Amino acid sequence: VVHLLMQACDALAEAHAQGIVHRDIKPANLHVGHKGVVSDFLQVLDFGLVKLGDLDEQGSAASTLTVDGVITGSPAFLPPELAGAGSVGPHTDVYALGCVGYWLATGSLVFPADNGLKMVLAHLNQSPRPPSDHVATIPSDLERVILSCLEKAPSDRPESAEELRSALSQ
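Residues numbered from 1 in each chain as written. Predicted model: local features only at pLDDT ≥ 70, side-chain atom pairs only at ≥ 80, totals over all residues. Heavy atoms only, no water.

Undergrad: Would you mind going over the environment of Phe77 with me for this structure?
TA: With respect to the secondary-structure elements, Phe77 resides in the loop between β4 (63-64) and α2 (90-106). Using a relative accessible area of 11% as the deciding quantity, one classes Phe77 as buried. The sequence separation of Phe77 and Met119 amounts to 42 residues, and the corresponding C-alpha distance is 8.8 Å. (Helix = DSSP H or I, 4+ residues; strand = E, 2+ residues; numbered from the N terminus. Buried < 20%, exposed > 50% of the residue type's maximum accessible area, 1.4 Å probe, protein only.)

Undergrad: I tried to follow a nonpolar patch on the surface on my own but got confused; where do I start?
TA: A surface patch of nonpolar side chains, amounting to about 220 Å² of accessible area, comprises Val1, Trp103 and Leu104. The residue Trp103 is located in helix α2 in this model. (Patch = residues over 30% accessible without salt bridge, like charges linked within 9 Å, V, L, I, M, F, W, Y side chains within 5 Å. Areas by Shrake-Rupley, 256 points an atom, 1.4 Å probe, with all protein chains shown as cover. Salt bridge = Lys/Arg side-chain N within 4 Å of Asp/Glu carboxyl O.)

Undergrad: Before we go on, may I ask you to explain the side chain of Arg157 in this structure?
TA: Mapped onto the fold, Arg157 is located in the loop between α4 (140-149) and α5 (161-169). Engagement of the side chain of Arg157 in a polar contact is seen with the backbone oxygen of Glu151, the distance being 2.8 Å. Non-local contacts of Arg157, meaning those with residues more than four positions away in its chain, are made with Pro80, Glu81, His91, Thr92, Val94, Tyr95, Ser148, Cys149, Glu151 and Lys152. (Polar contact = N/O pair within 3.5 Å; in protein donor to acceptor, adjacent residues only side chain to side chain. Contact = heavy atoms within 4.5 Å.)

Structure, rendered in structure tokens:
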């Protein structure tokens, strides 16, 4: 889990440095394969919902390739701000990567529900169950890092993919 998440952080840090926020981080957009003799090499795919532009001092991108005011993304991995609760920036991808980490570590979605709207509302209003509720043997440090990514307020999450990578490396 840590190995894959750290590679995703590296790719997202590079994108964020170019003013690109992915906005649709989910397992289907993370391809794991081989690069030469290296196994478990992760690539971030499908930049179809990106937010583009120079990052301002708050870390928000200036323009978008999709329609503003429309919820885009995958409900199971949707950061609260993509449902209209705030500005989009690198913190958006950190939240979604936390959802991926939760799924990788537990085999469960953060907010399982029988439809997308219920998932979106849960991302906006509910606190996630600790991953250890699903898998008792998950290391407490990993659980803490994953839950920090899933904070509702972007200011309570790791500030960047680099900061998340650093936390994961420890």
